[in-house]
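Chain by chain, the residues run as shown.
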Amino acid sequence: MNAFSYLDLLNLLGPETILVLTSLAALFVDLGALRDQPLPRRWLAGGGVTALGGLLAILWLTNVTAQANLAHGILVVDPLTQLVKVVLVAMLLFTVALSLRAEFTEHVGEYFCLLLLATVGMMFLVSSEDVLTIFVALELTSLSLYILTAFNKRSLVSAEAGLKYFLFGGVAAAFTLFGLSLIYGLAGSTNLREIATNLAGKGTDPLLMVALIMVVMGFGFKIAAVPFHLWAPDAYQGAPTPAAALIASGSKVASFFVFAKVMALGFAGIEGNGAWRQFAPGWVPVLATLAVASMLLGNLAAIAQSSVKRLLAYSAIAHAGYMLLGLLAMSNPHRRADGMAALVYYITTYGLTTIGAFGVVQIVERTGGDSLENFAGFSRRAPLVAVCLMVFMLSLAGIPPLAGFFGKFYLFTAAAGAEPGNLGLLWLVIFAIAMSAVSLYYYLQVLKRAFVAAPAEAAIAPVVSFMERLTLALLALAVVVLGALPAWLLGPIADAIKAAGF
Amino acid sequence: MLAWTIYISFLGAGLLTLLPRNSAALARRLALLTALAGLAVAVAGLIRFDPAAGTRMIADVPWIPALHIRYFLAADGISVTLVLLTGLAAVAGILFSWNIEQRTKEFFAFYLALIGGVYGVFLSFDLFLLFVFYEIAIIPKYFIIAIWGSTRREYGAMKLALYSFVGSAMVLIGMIAAFVVAGHLTGHYTFDLTVLARVPFPASFQRWAFPLVFIGFGILAGLWPFHTWAPTGHVAAPTAASMLLAGVVMKLGTYGCLRVAMTLFPAGVTMWRTEIAVLAVIGIVYGAMVALVQKDFKFVIGYSSVSHMGFVLLGLVTLNQIGLDGAVLQMFSHGILAGLLFGVVGRMVYDRTHTRELADLETMNLGRALPFAAVTFVIAAVASMGLPGFSGFVAELQVLVGAWSAFPKAAIAAGVGIVIGVAYLLRAVQRAFFSDMAARPVEAAAHHPLPPISWPERIGAGLLIAASLVVGLYPQVLLNVISPGVASLLEAMRKGGAL
C-alpha cells in the first residue's frame, strides 16, 4: 500500500487528529473566551472540551475499523493498536476527571493542551514499528510530560522534579538515539521486522550488544526500571497529582507496548538465554537483570517511604519489574501472543489502579499532605473513598479477586510457560512472587493508617467533589470487575492480538 | 446447594456494609442470621450427602478461558465435614462476639467475608479458584485483628498477614509450575484438581514442588517451625477471630496440604513424609511444653493449637486409611474445641476480668464468680485432653493407630505429647479457676461483681459442646462421609506412586 490518499490517512489517523484539534480547541476556548472567568469555571470548560474530544476519539476507535501498515511500519494500525489506544484515551479521560478541582495553576488551557499532546504522542508510539517514528513519538510524549511535571509554578518541588525528569530524559533519549543509529548501521533499515531479518545470523556482535543496551537504556528510563529509575520518585512527588497519574498510567502503557514490540520484533533472534545457569547474551538476560533489580529495589525502598506519592513511585518501579516478565514471556516466538495478552491486561489494569490511587492521594492532600500520617483515620472521614483506596492498594499488592492479582498471575504463568520444557524463567517468577509477598507490607501500611489508626485531633473531613467520587468509584468497580471476570478484557485482547497477527 | 454457603456469607457481608452507621443491634442480628443460614445449608449438605456416590458436583462453568480456568465447585466427604465445621464455628463466633460495640457492622462484614472465603476453599475443585478463596481469607483476618484486637494487635495482625502471604506465595509458585509442567507433559493445560491429580509429574519435579506447596499450606496450619504467627496472632485477635483462626483458618492449611500438595504430588509425599512426621511430632511435643509454662491464659490455648494441629499433620503423612480418617476428624474436633477454649478465655474471662495473666486470675476465685465459665472450660479441657466420649479422643486415637503402623517412634512421641497436654490443661484449669490463693485479702470480685455470663455465650458454648459430644459418642456420623472421601484420595495417591 504505497500510494495512499489523504482521505485514507485521515481514516487511519482519525482519533489522533481529533485529539490534536481538541488540544487547540482547549487552548483557544480558554485563552479566547474564558480569560476573565473565575478559575473553577475555566477548569470545567477546559475539562469538558477535552473530555468531549476524548469521547469522540474513543467512539472513532471502537467504530471505525481500519487496518494498514504504511510505509514499512511508519504507521501501523491494527485491532491491537486500536485497543491499546482506547485504553490510553480512557486513561486520559480519568486523568481529566480528576483534574477538574485542581488549584495548582491558572494556565488551564495549556494544561489540557499538554495532556492531549502527551496522549497523542503515546498513540503514535503505539502505532509505529519504525525506530524513527518511535523516537519522534517518544519525544513528543516526553516533552509534554516534562512540562506537565513542572506545571505547578508555585512549588519548588515541582520545578525541581521537572528539571530532573527533563535532564535524565534528555540523556536517556540521546542514548536511545545513538543505539538506534548503530542498529541502523548494522541492519540497514529502520523497520523493526526488517531489522530482525537483517540482523539474523550476526550472532552476538559486540557492537550489536552495545546498541541493544543503549536502546534498553532509553526505554528503561521511560518505564522507570532500575537503574534508570532515579527520576521517578521525585517526578511522582513533585508533579501535580493528576499529571503524575498520567505519567504513571498512560505513559507506562504506551512505553511498555512499544518496548515489547521493539524487543520481540526488532530483536527477534538475539534473545539469548535467561534460564538459570544457562545464561547467554541477548536481550532476555538484560531485561531479566533489569526486572530483578527493579523488583528488589522498588519493593525494598517503598517500605521506607513516608510520602505516599513516593511510595507509589517505588511501587511503580517494582511493577515495572513484574511487567518486564511479560516482555520476557515474549522471547519464545511461539508463545508471544500469550505474553502480549498478559502484558496488555496487566498494564491496563495497573494503569486504572494507579490513577485511582493518585486520585485518592489527591483528596488526602487537601487535608494537609500526602504523608502516611495524613491517612490516619481516613476511613471514618471519607468512607467511600477509603473503600476505593482499599481496592486500589490490595489490587496493587495482588490480592484476589482484584485485577492486580489476575494480572500478576497471568504474567507469571506466561513467563514460566515461555520455555515449558525446562521452566527456564521459573527462577525469575519465584523471585517476583517472593517480592510481591514483601510488597503486601507497605500497601498494608497505608491501609493500616486509613482503617485502623484513629484520626488525628485536628483532622478534617476532606472535600470530595461528585466527579471525583464518581471517577474513583468507577475505577474501583473496574478493578473489581476486571479482576473477578478477567475474560471480559482478555477476550477482546486475544481477538485483537489474533487479528493483528502479532 | 452447598455453594450457597459461600454466596450467603458474601451477601451478608455486602449487606452489612450498606447498613447505616449506628445500627449495631441490627448488624449483629443480620450477621447471626447469615451464619445460621450457612450452618443450615451445611447441615442439610451433610444429611443429603451420599457417601457411596463419591464426589458431588456443585457447579462447573468456564471462567477464564485464556488459562482454562473454570469455576468448579464440588464436595466430597472431607469438604462436607469441614463446611459443617465452618458453619458451627461461624455461628459460635458471632454469639461470642455479641458484645462488640465499636464499629460493629464493619466487624461482622469482615467476619462474614472471611467465612465466605473459607467455605469457598473447602468447596473448590479448581486449583486457581481454591487459591483465590484462600487469599480472600487473608485480608479480613488482618483488619479484624488490627482493629478489634488486644495485646500488640498491629504486630500480631501484620505478622499473621505476612506469614499467610508468604505461605500462599509458595503455593502460587508450585501451582504455576504444576500448571506449566502438566500442560507440557499432557498437552492439556488445566487447573482442575481431579485432572491434575492424574498427571504423572516427574519425580525430580515432585521432589521440590511437594515440599514447597506442603510447607506453603503448612504455614497456615501451624507447622513447626513456621508456627510462630499462631500464638501471637491468636492472642492479639479478638475472641471471635481467635475462634475462627484456630477453628477453621488453620484447617485451610491442612486441607490444602491434603487436597493440593498430597494429591498432586503423591511421589513427593513418599519422599518427604518422614521429615514431615518429624516436624509434626516436634510441633506436638514442643507446643505442649511451651503451653505448660505460659503466664498468659490465652497463650496456653494458642500453643495448644500448635500441638493439636501437629496431630493432623502427623495423621496426613501416615498415608493409611485410619490415620487420614483421624486427621480429618481431628481437624473437625480441634476446630470445635479450640473455638470453645478461646471463647471461654477471650469472651467469658478476659472481657470481664480485663486480664489474662494466670497470676492475676488466681486471685479472683473465678470458679465461684463465673461458675458457668469454669464448667465450660473444664469440659472443653477434658475433651481436648482426649477423654473418651468427646470428639478429640476418637480423632487422636485414630491418628495414633495410623501412626503406629507408619512411624512407631513418632506415635510414641505423640503419645508423650498427649500426656503433657493433660498437664498444661490441668495447670490452666487449676490456676485460672480453682486456685487456693483465691481467698486472699483483697477480693476483687466482691468489690466489682463480674457481669454474669450472657445468653449468647451460653448458647454458643452449648452448641460447641454438643457438637463435640455427638461426634465423640457417635463418630460414624462423620466417619461415614469422611472415610469414602479419604479412601478415594488414597487410592489416587497410590496410583500416582505413593507407597
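What you see is a predicted model; the values in this text were computed from it and never measured.

What counts and how
Residues numbered from 1 in each chain as written. Chains lettered and ligands numbered in written order. Predicted model: local features only at pLDDT ≥ 70, side-chain atom pairs only at ≥ 80, totals over all residues. Helix = DSSP H or I, 4+ residues; strand = E, 2+ residues; numbered from the N terminus. Rg over C-alpha atoms; globule rule 2.2 N^0.38 Å. Buried ≥ 20, exposed ≤ 12 C-beta atoms within 10 Å, placed from the backbone. Contact = placed C-beta atoms within 7 Å. pLDDT = per-residue confidence, 0-100. Core = buried A, V, L, I, M, F, W, Y, C linked by C-beta atoms within 7 Å. Nonpolar A, V, L, I, M, F, W, Y, C, P; charged D, E, K, R; others polar. Pairing = 2+ DSSP bridges. Expected span 1.5 Å × (residues − 1). Axes fitted to C-alpha atoms, helices over the stretch in contact; angles between N-to-C directions. Parallel < 35°, antiparallel > 145°, perpendicular 65-115°, else oblique. Left-handed = near helix turned anticlockwise from the far one by under 90°.

This part is about the overall build of chain B. Across its full length, chain B carries 22 helices and two strands. Against the compact-globule benchmark of 23 Å for 499 residues, chain B has a radius of gyration of 22 Å, which places it among compact chains. Reported as C-alpha extents along the three principal axes, the dimensions of chain B are approximately 75 × 55 × 40 Å. Going through the 499 residues of chain B one by one, you find that 65% of them count as buried.

In this section: the overall build of chain A. Secondary structure summary: chain A contains 20 helices and two strands in total. Computed over its C-alpha atoms, the radius of gyration of chain A comes to 22 Å, within 12% of the 23 Å expected for a compact globule of 502 residues. Projected onto its principal axes, the C-alpha positions of chain A cover 70 × 50 × 40 Å. A total of 502 residues make up chain A; the buried ones form 62% of that total. Intrachain contacts of chain A at a sequence separation of at least 6 include 78% that bridge at least 24 residues.

For any part of a model where pLDDT is low, the fine detail of the predicted coordinates should not be relied upon. Of all residues in chain B, 97% attain a pLDDT of 70 or more, and the chain-wide mean is 87. Looking over chain B, one finds the lowest element-wise mean pLDDT in helix H20 (residues 444-447) of chain B, namely 50, and the highest in helix H5 (residues 127-136) of chain B, namely 92.

The next point concerns the nonpolar core. Core analysis: the biggest nonpolar cluster contains 417 residues, and Leu325, Leu328, Ala415 and Val429 of chain A together with Leu314 of chain B have the highest contact counts within it. When residues of this core are assigned to their parent elements, the largest contribution, 20 residues, is made by helix H7 (residues 153-186) of chain B. Ignoring any residue separated from it by four or fewer positions in sequence, one finds leucine 328 of chain A in contact with Gly274, Val284, Leu287, Ala288, Ala415, Ala418, Leu425 and Leu428 of chain A. Formed by five residues, the second largest nonpolar core is a distinct cluster that contains Leu12, Leu13, Leu75 and Val76 of chain A.

What follows concerns the interface of chain A and chain B. Opposite the 29 residues of chain A that make contact, chain B presents 27 residues. Of all the elements in the fold, those that place two or more residues in the side of chain A that touches chain B are helix H17 (403-416), helix H18 (426-452) and helix H20 (487-500) of chain A. Counting residues per element, the side of chain A that touches chain B draws most heavily on H18 of chain A, at twelve residues. Taken together, the residues of the side of chain A that touches chain B sort by class into 25 nonpolar, three polar and one charged.

Right, let's talk about the pairing of strand E2 (residues 69-75) of chain B for a bit. Residue and element names in this part refer to chain B. Burial within E2 is extensive, with six of its seven residues counted as buried. Here strand E1 (residues 56-64) runs beside E2; their pairing, made up of seven bridges, is antiparallel. Its bridge partner lying in E2, aspartate 60 is registered against phenylalanine 72. Here E1 hands over to E2 after four residues, with histidine 68 in that stretch at a positive phi of 55°.

Below, the discussion takes up unusual backbone geometry. When glycine is set aside, most residues are seen to have a negative phi, and most peptide bonds are trans. The linkage connecting valine 226 of chain A with the following residue, proline 227 of chain A, adopts the cis geometry, with an omega of 5°. For proline 227 of chain A, the location among the structural elements is in the loop between helix H8 (206-222) and helix H9 (231-238). A cis amide bond links proline 400 of chain A with the next residue in sequence, proline 401 of chain A, at an omega value of 5°. Examined against the element boundaries, proline 401 of chain A turns out to sit in the loop between helix H16 (383-397) and H17. Even without being a glycine, histidine 68 of chain B presents a positive backbone phi close to 55°. Tracing the chain through its elements places histidine 68 of chain B in the loop between E1 and E2. Unlike most non-glycine residues, arginine 103 of chain B shows phi in positive territory, near 50°. The residue arginine 103 of chain B is located in the loop between helix H3 (77-96) and helix H4 (104-123) in this model. The exposure class assigned to arginine 103 of chain B is partly exposed, which follows from the 18 C-beta atoms found within 10 Å.

We now examine helix H4 (residues 108-126) of chain A. Taking 1.5 Å of rise per residue, 19 residues should cover 27 Å, and H4 of chain A covers 27 Å from first to last C-alpha, within 8% of that figure. Burial analysis of H4 of chain A places 18 of its 19 residues in the buried class, the great majority of the element.

Right, let's talk about the environment of tryptophan 276 of chain A for a bit. All names here are of chain A. Structurally, the position occupied by tryptophan 276 is in the loop between helix H11 (250-266) and helix H12 (283-303). A tally of 15 C-beta atoms within 10 Å means that tryptophan 276 is categorised as partly exposed. As for tryptophan 276 and glycine 404, which are separated by 128 residues in sequence, their C-alpha atoms are 27 Å apart.

This brings us to the environment of leucine 296 of chain A. Residues and elements named next belong to chain A. Summarising the element assignment, leucine 296 is placed in helix H12. A residue is classified by how many C-beta atoms lie within 10 Å of it, and leucine 296, with 18 of them, is partly exposed. For the pair leucine 296 and glycine 321, spaced 25 residues apart in the sequence, the C-alpha separation amounts to 8.6 Å.

This part takes up the packing of H17 of chain A against H7 of chain B. Taken N-terminus to C-terminus, the directions of H17 of chain A and H7 of chain B make an angle of 50°; their axes are 9 Å apart at the nearest point. With respect to H7 of chain B, the axis of H17 of chain A lies oblique. Both H17 of chain A and H7 of chain B take part in a crossing whose hand is right-handed. Contacts between H17 of chain A and H7 of chain B involve Phe412, Thr413 and Ala416 of chain A from the former and Ile176, Ala177, Phe179 and Val180 of chain B from the latter. Taken together, the residues of the contact of H17 of chain A with H7 of chain B break down into six nonpolar, one polar and no charged.

Counting buried residues in helix H10 (residues 241-248) of chain A gives eight out of eight residues, a clear majority hidden from the surface. Along H10 of chain A, the residues classified as buried are Thr241, Pro242, Ala243, Ala244, Ala245, Leu246, Ile247 and Ala248 of chain A.

Time to look at the environment of alanine 230 of chain B. Residues and elements named next belong to chain B. Inspection of the secondary structure puts alanine 230 in helix H10 (residues 229-236). Taking the C-alpha atoms as reference points, alanine 230 and leucine 279, 49 residues apart in sequence, are found 16 Å from one another. What alanine 230 contacts, discounting residues up to four positions off in sequence, is Gly222, Gly302, Ser305 and Val306.

The next point concerns the packing of helix H6 (residues 156-187) of chain A against H8 of chain A. All names here are of chain A. Axis separation between H6 and H8 bottoms out at 7 Å; the angle between their running directions is 145°. Judged by the twist between their axes, the crossing of H6 over H8 is left-handed. Mapping the contact onto sequence places Phe168, Gly169, Ala172, Ala173, Phe175, Thr176, Phe178, Gly179, Leu180, Leu182, Ile183 and Leu186 in H6 and Leu207, Leu208, Val210, Ala211, Met214, Val215, Met217, Gly218 and Phe221 in H8. Within the contact of H6 with H8, the residues separate by chemical class into 17 nonpolar, four polar and no charged.

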